[in-house]
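# Residue-level structure breakdown
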Amino acid sequence: MPNVAKKDTAAKPKKEVKKGGGWRWRAVRKEKEGPVLTPSELAATLFSPELLSSIQQLFEKIDADSSGQISHDEVLLHWKSFFQKHEYTEEQAEFTISPFFGDLDADGDKEVDMEEWMRFWVTVKKSGHSDEEISSMVEKMATSKEPWVHLEVVEMAGDTDCSITVFC
């Protein structure tokens, strides 16, 4: 029998890339390593129950119609008082919230669902931010004191490879 090389059966990297910038996420899994967790499942392993609850509550607060999707209008509504207090024009408000969708809307449907939301916060945690820093970010966003958090571009390796740019 001829000597035939075996084909590599390891799982290929799965890629999700947001066109036009934002973040990139890649999870790599081989069969022997077990299943890849969803962002919500991974968040439950990374955050304290209190912080996880705060992150989920912020999503629910921004999702004013409880549809399970955060829309453009809901983001504007959530930070309306901030924009008014700082006398933002409509163009400035749009410019301020545009990175929200660029960084979180992985499927490009112009809405952010809970998995996309959790993926963002998992990326923040895996980039080296402590629970205290994340809790502070979430609190500021929940009280409309800041319309968006500011993080530097982060490159990571290992189980995930992602980069994220977030503006305020």
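Before any of the text, the structure's been laid out above.
The structure contained in this document is the topic of the report that follows. The model shown is predicted, which means the values in this text are computed figures rather than measured ones.

### Quick notes on the packing of helix 1 (residues 39–46) against helix 6 (residues 114–126)
At a closest axis distance of 8 Å, the pairing of helix 1 and helix 6 adopts a crossing angle of 40°. It follows that helix 1 is oblique to helix 6 by the angle criterion. Note that helix 1 runs across helix 6; the crossing there is left-handed. Seen from helix 1, the contacting residues are Pro39, Ser40, Leu42, Ala43 and Leu46; seen from helix 6, they are Met114, Glu115, Met118, Arg119, Val122, Lys125 and Lys126. Class assignment of the residues belonging to the contact of helix 1 with helix 6 gives a composition of 7 nonpolar, 1 polar and 4 charged.

### Some points on the environment of arginine 119
Note that arginine 119 resides in helix 6. Look at arginine 119 and you get buried, because its relative accessible area is 11%. Taking the C-alpha atoms as reference points, arginine 119 and serine 40, 79 residues apart in sequence, are found 7.4 Å from one another.

### Comments concerning the pattern of salt bridges
Tallied over the entire structure, the rule returns 1 salt bridge. Its salt-bridge partner being lysine 125, residue aspartate 131 comes within 2.7 Å of it at the nearest N-O pair. For lysine 125, a relative accessible area of 22% puts it in the partly exposed group.

### Observations regarding the packing of aromatic side chains
Inspection of every chain in the model, using the stated rule, returns 9 aromatic pairs. The interplanar angle of 75° and the centroid separation of 5.9 Å between the aromatic rings of phenylalanine 82 and phenylalanine 83 together place this pair among those described as edge-to-face. For the pair phenylalanine 82 and phenylalanine 83, a shared accessibility class is recorded, and that class is buried. Chaining the aromatic ring pairs together yields one cluster made of Phe59, Trp79, Phe100, Phe101, Trp117, Phe120 and Trp121.

### Observations regarding the nonpolar core
The biggest cluster of nonpolar side chains holds 31 residues, and the ones touching the most others in it are Ile55, Phe100, Trp117 and Trp121. Those elements giving two or more residues to this core turn out to be helix 1, helix 2 (49–62), helix 4 (80–85), helix 5 (90–104), helix 6 and helix 7 (131–142).

### Quick notes on unusual backbone geometry
Phi is positive for glutamate 87, close to 50°, though the residue is something other than glycine. Looking at where glutamate 87 falls in the secondary structure, it is placed in the loop between helix 4 and helix 5. With a phi angle near 65°, lysine 110 is a residue other than glycine that sits in the positive phi range. Tracing the sequence through the fold places lysine 110 in the loop between helix 5 and strand 4 (112–113).

### Some remarks on helix 7
Helix length check: helix 7, at 12 residues, gives a terminal C-alpha distance of 16 Å against a target of 16 Å (1.5 Å per residue), a fit within 8%. Within the span of helix 7, buried status applies to Ile134, Met137, Val138, Met141 and Ala142. Buried residues along helix 7 cover an arc of 130° about the axis, so they all sit on one side. Looking at the packing, one finds that the buried side of helix 7 touches helix 2, helix 3 (72–78) and helix 6. Just beyond helix 7, the residue with positive phi is serine 144, at close to 60°.

### Concerning the packing of helix 6 against helix 7
Running from N to C, helix 6 and helix 7 cross one another at 140°; their axes reach a closest spacing of 10 Å. With respect to each other, helix 6 and helix 7 are oriented oblique. Crossing geometry of helix 6 relative to helix 7 is assigned as right-handed. The segment helix 6 lies against helix 7, with Trp117, Trp121, Val124 and Lys125 engaging Asp131, Ile134, Met137, Val138 and Met141. Taken together, the residues of the contact of helix 6 with helix 7 sort by class into 7 nonpolar, no polar and 2 charged.

Calculation rules
Residues numbered from 1 in each chain as written. Predicted model: local features only at pLDDT ≥ 70, side-chain atom pairs only at ≥ 80, totals over all residues. Heavy atoms only, no water. Axes fitted to C-alpha atoms, helices over the stretch in contact; angles between N-to-C directions. Helix = DSSP H or I, 4+ residues; strand = E, 2+ residues; numbered from the N terminus. Parallel < 35°, antiparallel > 145°, perpendicular 65-115°, else oblique. Left-handed = near helix turned anticlockwise from the far one by under 90°. Contact = heavy atoms within 4.5 Å. Nonpolar A, V, L, I, M, F, W, Y, C, P; charged D, E, K, R; others polar. Buried < 20%, exposed > 50% of the residue type's maximum accessible area, 1.4 Å probe, protein only. Salt bridge = Lys/Arg side-chain N within 4 Å of Asp/Glu carboxyl O. Phe/Tyr/Trp six-rings, centres within 6.5 Å; stacked < 30°, edge-to-face > 60°. Core = buried A, V, L, I, M, F, W, Y, C linked by side-chain atoms within 4.5 Å. Expected span 1.5 Å × (residues − 1). Arc of directions from axis to C-beta.

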